[in-house]
Every structure is written in C-alpha cells, then in structure tokens.
Amino acid sequence: MTRSDLVEELAARFGQLTHRDAEFAVKTLLDAMSDALVRGHRIELRGFGSFSINRRPPRMGRNPRSGESVAIPEKRVPHFKPGKALREAVDERTQELLSKSEPKIK
C-alpha cells in the first residue's frame with residue numbers, strides 16, 4: 001500500500017472527507033510521527049505496533065569494487081516492531097490464503 005492508496009482508502013471510508021482533507025490528514029499524521037522519531041521519542045500504536053530509533057555503531061566496511069576498507073559512521077535508524085494483534089492477524093490471513101491456493105490431493 002502506498003501513501004496515495006492510504007489517502008484513497010481514508011476518503012472512501014469517510015464520505016464527509018474530501019480527497020484533499022484525507023491527503024492533509026495522512027500528511028499531518030506521517031509528519032508528526034517523523035518529528036517524534038527525530039526527537040528520539042518512541043511511538044506506540046496499540047494493536048498495531050511501535051516505532052523506535054535503533055543505534056547502529058560505527059564499523060569498518062569494505063568497498064566491493066576496490067577492496068579497500070572504509071569507515072562507516074554511527075547511524076540512527078527507525079525500527080518497527082509489530083504488535084501482537086497485527087502479528088496474529090497477518091498470520092491468520094496468510095494461512096487462509098495459503099490453504100485456499102493449495103492444490104487438493106486425492
């Protein structure tokens with residue numbers, strides 16, 4: 001699902017929202033989440049999951065073309081951990097789809 005798919009879904013579910021309002025709502029939500037992560041906060045959406053920042057320590061890498069060693073600096077990267085309800089829903093739906101697509105052996 002892309003950002004525009006999310007806007008379309010939101011506008012379709014809530015008839016009182018115009019496409020522009022739905023787009024503004026999605027942009028506002030994603031901007032607020034990005035700002036919170038930049039400030040180092042953790043975001044928790046019950047039943048969906050949590051977003052946090054992980055620290056990747058500095059390390060020595062290798063340039064694959066020349067083979068020379070390259071120092072890679074420390075990085076902070078976003079990390080998503082799915083919640084229990086999301087994990088179970090995905091597993092359940094995946095099992096349903098797999099069981100429907102398996103050929104029946106007699």
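As a reminder, the structure under discussion sits directly above these lines.
The rules behind these values
- Residues numbered from 1 in each chain as written.
- Predicted model: local features only at pLDDT ≥ 70, side-chain atom pairs only at ≥ 80, totals over all residues.
- Heavy atoms only, no water.
- Helix = DSSP H or I, 4+ residues; strand = E, 2+ residues; numbered from the N terminus.
- Rg over C-alpha atoms; globule rule 2.2 N^0.38 Å.
- Buried < 20%, exposed > 50% of the residue type's maximum accessible area, 1.4 Å probe, protein only.
- Contact = heavy atoms within 4.5 Å.
- Areas by Shrake-Rupley, 256 points an atom, 1.4 Å probe, with all protein chains shown as cover.
- Lys, Arg positive; Asp, Glu negative; His and termini not counted.
- Charge placed at Lys NZ, Arg CZ, Asp CG, Glu CD.
- Pairing = 2+ DSSP bridges.
- Patch = residues over 30% accessible without salt bridge, like charges linked within 9 Å, V, L, I, M, F, W, Y side chains within 5 Å.
- Salt bridge = Lys/Arg side-chain N within 4 Å of Asp/Glu carboxyl O.

1. Some thoughts on the overall build of the chain
The helix and strand inventory of the chain stands at 3 helices and 5 strands. For 106 residues, the compact-globule estimate of 2.2 N^0.38 gives 13 Å, and the C-alpha radius of gyration of the chain, at 21 Å, exceeds that figure by more than 25%. Structurally, the chain occupies a C-alpha span of about 55 × 55 × 30 Å along its principal axes. Buried positions account for 14% of the 106 residues belonging to the chain. For the chain, long-range pairs separated by at least 24 residues make up 30% of all intrachain contacts whose partners lie at least 6 apart in sequence. For the chain, the accessible surface area stands at approximately 9,300 Å², while carbon and sulfur atoms represent 55% of it. The positive charge centre, built from 21 side chains, and the negative charge centre, built from 15, are 7 Å apart in the chain.

2. A closer look at the pairing of strand S2 (residues 49-56)
The sheet contact formed by strand S1 (residues 43-45) and S2 spans 3 bridges and is antiparallel. Bridge pairing links Ile-43 to Phe-51 in S2. Hairpin geometry of S1 and S2 is characterised by an intervening segment of 3 residues between the two adjacent antiparallel strands and by a positive phi of about 85 degrees at Gly-47. As defined by bridge partners, S2 adjoins strand S5 (residues 75-82) across 8 bridges and the pair is classed as antiparallel. Across the sheet, Asn-54 pairs through a bridge with Val-77, a residue of S5.

3. Some points on a negative patch on the surface
Residues Glu-88, Asp-91, Glu-92 and Glu-96 make up a contiguous surface patch of negative charge. Tracing the backbone shows Glu-92 in helix H3 (residues 84-101).

4. Let's talk about the pattern of salt bridges
According to the stated counting rule, one finds 6 salt bridges in the structure shown. Ionic pairing is found between Asp-31 and Lys-27, a salt bridge with its closest N-O pair at 2.7 Å. Here Lys-27 and Asp-31 lie together in helix H2 (residues 19-38), a separation of 4 residues that amounts to about one turn. According to the relative accessible area criterion, Lys-27 is partly exposed, its value standing at 42%.

Take it as geometry only, folks, not as evidence of what the structure does.
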